Amino acid sequence: MTDYDVIVIGSGVSGLSSAWHMAEDHDVLVIDADAIGNGTSSRASGVIMTPIDYPEWPEWTQHAVEWFEKLDGRGVLDYTEREYVRGVRPEEVEGAEEVAERDEWVTLRDPDDYYKWDDTFDEDSPYEKVLVWDEYTGYLDVDQWLPTLQHMCVKRGVEFRPDTTVEEVRVEGGEVVGVETEYRTVDADAVVAAAGSGTRPLLEDVLPLPIRKFVWNVAYLDIGLPDDYPMGGDAQEEIYWRPTRDNQLLIGIEHHYGEEDRPRERREQDDRGDQEAEPDGIRSDHHMEVGPGLEQLLNEDVPNLLNHVETADDAVRWEVCPMADSTTPDAKPIIDAPEEGPDDLVVAAGFHGAGVMATKSIGAAVRSYLTDDECPFPRDPMKLDRFDTRDTDFEFAPMTSWQEHMK
Ligand SMILES: Cc1cc2nc3c(=O)[nH]c(=O)nc-3n(C[C@H](O)[C@H](O)[C@H](O)COP(=O)(O)OP(=O)(O)OC[C@H]3O[C@@H](n4cnc5c(N)ncnc54)[C@H](O)[C@@H]3O)c2cc1C
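Residues numbered from 1 in each chain as written. Predicted model: local features only at pLDDT ≥ 70, side-chain atom pairs only at ≥ 80, totals over all residues. Heavy atoms only, no water.

**Q** Any details on the overall build of the protein chain? Residues and values, ideally.
**A** Each helix and strand counted, the protein chain has 11 helices and 21 strands in total. Buried positions account for 58% of the 407 residues belonging to the protein chain. Sequence separation of at least 24 residues holds for 73% of the intrachain contacts in the protein chain that already meet a minimum separation of 6. Looking at the protein chain as shown, the accessible area adds up to about 16,700 Å², and 40% of this sits on carbon and sulfur atoms. (Helix = DSSP H or I, 4+ residues; strand = E, 2+ residues; numbered from the N terminus. Buried < 20%, exposed > 50% of the residue type's maximum accessible area, 1.4 Å probe, protein only. Contact = heavy atoms within 4.5 Å. Areas by Shrake-Rupley, 256 points an atom, 1.4 Å probe, with all protein chains shown as cover.)

**Q** I'd like a rundown of the sheet that holds strand E8 (residues 138-139), residues and numbers included.
**A** One open sheet accounts for 3 strands, arranged E3-E8-E4; its pairing is antiparallel. Bordering the open sheet on either side are strand E3 (47-48) and strand E4 (80-81), each of which pairs with just one other strand. Both E4 and E8 contribute to a ladder of 2 bridges, which runs antiparallel. Of the residues in E8, the one forming a bridge with glutamate 81 is glycine 138. (Pairing = 2+ DSSP bridges.)

**Q** Run through the pairing of strand E17 (residues 249-254), naming residues and quoting values.
**A** Counting buried positions over the 6 residues of E17 gives 6, a clear majority of the element. Burial of the side chains of E17 extends over both faces: Leu249, Ile251 and Ile253 are buried on one face and Leu250, Gly252 and Glu254 on the other. Pairing of strand E14 (residues 216-221) with E17 involves 6 bridges; the strand directions are antiparallel. Counterpart to tryptophan 216 in the pairing with E17 is glutamate 254.

**Q** For the environment of tryptophan 216, give the residues involved together with the corresponding values.
**A** Mapped onto the fold, tryptophan 216 is located in strand E14. With relative accessibility at 12%, the residue tryptophan 216 sits in the buried group. Taking C-alpha positions, tryptophan 216 is 8.4 Å from glutamate 319, a pair spaced 103 residues apart along the chain.

**Q** Give a detailed account of the packing of helix H1 (residues 13-22) against helix H10 (residues 359-370), specifying residues and quantitative values.
**A** A pair of packed helices can be characterised by two numbers: the angle between their axes and the separation between those axes. Look at H1 against H10: their axes get within 8 Å of each other, and the N-to-C directions meet at 50 degrees. Considered as vectors, H1 and H10 are oriented oblique to each other. Note that H1 runs across H10; the crossing there is right-handed. Here Val13, Ser14, Ser17, Ser18, Trp20, His21 and Met22 of H1 come into contact with H10, specifically with Thr359, Lys360, Ile362, Gly363, Ala364, Val366, Arg367 and Leu370. (Axes fitted to C-alpha atoms, helices over the stretch in contact; angles between N-to-C directions. Parallel < 35°, antiparallel > 145°, perpendicular 65-115°, else oblique. Left-handed = near helix turned anticlockwise from the far one by under 90°.)

**Q** Explain the packing of H1 against helix H6 (residues 142-155) residue by residue, including any values.
**A** Direction vectors running N to C along H1 and H6 enclose 25 degrees, while the axes themselves pass 9 Å from each other. Taken together, H1 and H6 sit at an angle that is classed as roughly parallel. Taken as a pair, H1 and H6 cross one another with a handedness that is left-handed. Of H6, the residues touching H1 (which contributes Val13, Leu16, Ala19 and Trp20) are Trp145, Leu146, Leu149, Gln150, Met152 and Cys153. Counted by class, the contact of H1 with H6 contains 9 nonpolar, 1 polar and no charged residues. (Nonpolar A, V, L, I, M, F, W, Y, C, P; charged D, E, K, R; others polar.)

**Q** For the site of the ligand, give the residues involved together with the corresponding values.
**A** Taken together, 36 residues lie near the ligand, and Ser14, Asp32, Ser41, Val47 and Met357 sit nearest. Alanine 33 is positioned with one of its backbone polar atoms (N or O) 3.0 Å from a nitrogen atom of the ligand. Take serine 41: an N or O atom from its side chain is 2.5 Å from an oxygen atom of the ligand. In isolation the ligand exposes 1,000 Å². Once the protein is present, 94% of that is buried. Elements supplying a minimum of two residues to the shell around the ligand: H1 and E14. (Near = heavy atom within 4 Å. Polar contact = N/O pair within 3.5 Å; in protein donor to acceptor, adjacent residues only side chain to side chain.)

**Q** So what's going on with the sheet that holds strand E6 (residues 106-109)? Which residues, and what values?
**A** Two modes of strand pairing occur in sheets, parallel and antiparallel, and in both the strands are linked by backbone hydrogen bonds. In spatial order, the strands read E6-E7-E5-E15-E16-E17-E14-E18; together these 8 strands make up an open sheet with mixed pairing. The strands lining the two open edges of the sheet, one partner per strand, are E6 and strand E18 (315-320). Strand after strand, the sheet turns through a mean of 20 degrees between neighbouring axes, direction not considered. Relative to the sheet, helix H4 (residues 93-102) contacts strand E5 (84-88), E6 and strand E7 (129-133), its axis offset from that of E6 by approximately 145 degrees.

**Q** An account of the packing of aromatic side chains is needed here, citing residue identities and associated values.
**A** Counted according to the given criterion, the structure contains 13 aromatic pairs. Taking 5.0 Å as the distance between ring centres and 70 degrees as the angle between the ring planes, the aromatic pair formed by phenylalanine 121 and tyrosine 127 counts as edge-to-face. For phenylalanine 121, a relative accessible area of 2% translates into the label buried. On the accessibility criterion, tyrosine 127 (8% relative accessible area) is buried. In this structure an aromatic cluster arises from ring pairing among Trp20, Trp67, Phe68, Tyr79 and Trp145. One residue, arginine 156, lies across the ring of tryptophan 20, its end atom 3.8 Å from the ring centre. Note that arginine 379 overlies the ring of tyrosine 369, its terminal NZ or CZ placed 3.8 Å from the centroid. (Phe/Tyr/Trp six-rings, centres within 6.5 Å; stacked < 30°, edge-to-face > 60°. Lys NZ or Arg CZ within 6 Å of the ring centre and 35° of its normal.)

**Q** Explain a negative patch on the surface to me, and be specific about the residues and the numbers.
**A** Together, Glu66, Glu69, Asp72, Asp78, Glu81, Glu104 and Glu135 line one region of the surface with negative charge. As for its position among the elements, glutamate 66 is in helix H3 (residues 58-71). (Patch = residues over 30% accessible without salt bridge, like charges linked within 9 Å, V, L, I, M, F, W, Y side chains within 5 Å. Salt bridge = Lys/Arg side-chain N within 4 Å of Asp/Glu carboxyl O. Lys, Arg positive; Asp, Glu negative; His and termini not counted. Charge placed at Lys NZ, Arg CZ, Asp CG, Glu CD.)

**Q** Can you tell me about the pattern of salt bridges, naming the residues and giving the values?
**A** If you walk through the whole model with that rule in mind, you get 17 salt bridges. For aspartate 110, the salt bridge is made with lysine 129, and the minimal N-O distance between the two is 2.6 Å. A residue pair is termed long-range when its members are at least 10 positions apart, and aspartate 110 in the loop between E6 and helix H5 (117-120) and lysine 129 in strand E7 qualify at 19 residues. Its relative accessible area of 37% is what places aspartate 110 among the partly exposed residues. Residue lysine 129 is classed as buried on the basis of its relative accessible area of 18%. Linked by salt bridges that have partners in common, Asp25, Arg367 and Asp373 make up one network.

Rendered as structure tokens:
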């Protein structure tokens, strides 16, 4: 007799969603090296822009976001529906027309046709039009979302073992038989590896994965935004933003590593090259540092894009992601029980800044591999065998695939 039907390694949004889905009819143990939900998920901005980050996966989007709508107001969770806007520069209009034609939840609008234009964009902004997504977009706070998920898991009988590092996934005769933790051996019929950026090192000997780390920087500006300020982003500057419940502006920027198109300041700093690189290509000094790239953006570039933003001096809080999110060669996740790995091992990792918005769909996909349940959306796009490589030195993919259309 095994100790558990399923062990889930990792208690971020991926692990908690997987555990909740499996606990409907299985004994589930969640193990985390840290406190529950204290990984990358705890730093997320809570922007739900699933149609923008997963434009080719409408069923995945619907499945994920309808859950937020359903859970809104239950327990501590507030989910706020809000449109997401993307200013369109003159040279981007043709690409934006294609996006609007192709994607079902977005429209391309003129300034006169978008009533929040003047409240949103600076009068000197370079934008000629705006793409507006107004379905399946919104925001929540992860310090409400993670306890909500954990509570839902507890109600289904999930057990938790925090502050316990899994050192190895145990395999016998080609099948998973459990895990070895820093304290003891635990048996299970199946293992879900949902360890975020820890997934690659954890599975190194069992199932090498093309997953590498990257981080974001975030600042909160106290600038008294008007009510109903839209969420949004700018492809060229690689930023996104959203209003907070107390009308601050949360603004974030993606960091790239080992590429030419990293934010300028950061690139110059990296190029000085006086720090040892970790094997995965991220220098340890960056983990805890607020990047000067964001500060420069807030002082120089964003004031010309967004009304209300004037200076980085308005920042009341800076956030970095000390533990790093994970990404893959195409910036889309791997959710799979690959044939090249042992039986009964499911992987859910590589969410590239878009894991929280996908919470529900992650667990549903994991469950479809461990039970006879059908996956409510196509799962082939998440399979490992779409990649030729298992290395981690791949090029950093753009933030969202629709960006290609905007160039
Ligand atoms: C600043 C920032 C802003 C973001 N904003 C958004 C956003 O607005 N919307 C959105 O959808 N996404 C956002 N993201 C991305 C999102 O946070 C991630 O995609 C998501 O949280 C990944 O969840 P996860 O469960 O895969 O990983 P994690 O949350 O990192 O969880 C993995 C867990 O595994 C544990 N672990 C690792 N190795 C081991 C081991 N060997 N043994 C035991 N436990 C282990 C870790 O301790 C960790 O708790 C943002 C990320 C950052 C950093």
